[in-house]
Amino acid sequence: MTNESGLDRAEIAARLALSVGRLNRRIRATSDTLTPGQISALSTIVRCGPIRPGDLARVERVAAPTITRLLADLETKHLVTRTADPDDGRSFFVGSTDAGAEAILRARTERAQHVLELFEELTDEQIAQLAGALDALDTAAGLAQNP
């Protein structure tokens, strides 16, 4: 499928998937205590505030049993806490502890440092091209801010 500017979307998608996968492996945080899935879920909890597990599963695009395991692990590490839902006694919210927020800050700082090191391999023009693609990448990743 080619768009009006002559770019083949399938080729772009394939190259982007390969690049993102390899970049992710190169910049993956070297946390000894958290898996990438735990970091992702905890980051969402920190960013979104108290959230129901079902809502977290939807944001993370994983099944409910996966979120249940992730939350149990994060709770064991004292990175999240559960609070009862005042409107529904069967449900609860999960929120970050101070230690959880600090763990995410450390992981983000590590990843950003790894990316900055990779930038040393790029020209100023290539960095500008990356900067120009950030809004589209944020949208594709579901991170775009709604006005």
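Here, every reference points to the structure presented above.
Residues numbered from 1 in each chain as written. Predicted model: local features only at pLDDT ≥ 70, side-chain atom pairs only at ≥ 80, totals over all residues. Heavy atoms only, no water.

**Regarding the overall build of the protein**
Okay, so step 1: When helices and strands are tallied, the protein shows six helices and two strands.
Okay, so step 2: Helices (α) and strands (β) of the protein occur, in sequence order from the N terminus, as α-α-α-α-β-β-α-α.
Okay, so step 3: In terms of its C-alpha atoms, the protein occupies a principal-axis envelope of roughly 55 × 35 × 30 Å.
Okay, so step 4: Residue burial in the protein is summarised as follows: out of 147 residues, 21% are buried.
Okay, so step 5: On the protein, roughly 10500 Å² of surface is accessible, and the fraction owed to carbon and sulfur atoms is 55%. (Helix = DSSP H or I, 4+ residues; strand = E, 2+ residues; numbered from the N terminus. Buried < 20%, exposed > 50% of the residue type's maximum accessible area, 1.4 Å probe, protein only. Areas by Shrake-Rupley, 256 points an atom, 1.4 Å probe, with all protein chains shown as cover.)

**What about the nonpolar core?**
Okay, so step 1: One finds L34, L42, I45, L56 and L74 to be the most contacted residues of the largest nonpolar core, which totals 18 residues.
Okay, so step 2: Discounting residues that sit within four places of it in the chain, L42 has contacts with L34, L74, L79, V80, S96, G100, A103 and I104. (Core = buried A, V, L, I, M, F, W, Y, C linked by side-chain atoms within 4.5 Å. Contact = heavy atoms within 4.5 Å.)

**Let's talk about unusual backbone geometry**
Okay, so step 1: Phi angles above zero are rare outside glycine, and R61 is one such case at about 60°.
Okay, so step 2: With respect to the helices, strands and loops of the structure, R61 is situated in the loop between helix 3 (53–60) and helix 4 (64–76).
Okay, so step 3: With a phi angle near 60°, H78 is a residue other than glycine that sits in the positive phi range.
Okay, so step 4: Turning to its location among the elements, H78 is positioned in the loop between helix 4 and strand 1 (80–85).

Keep in mind these numbers describe shape, not what the thing actually does.
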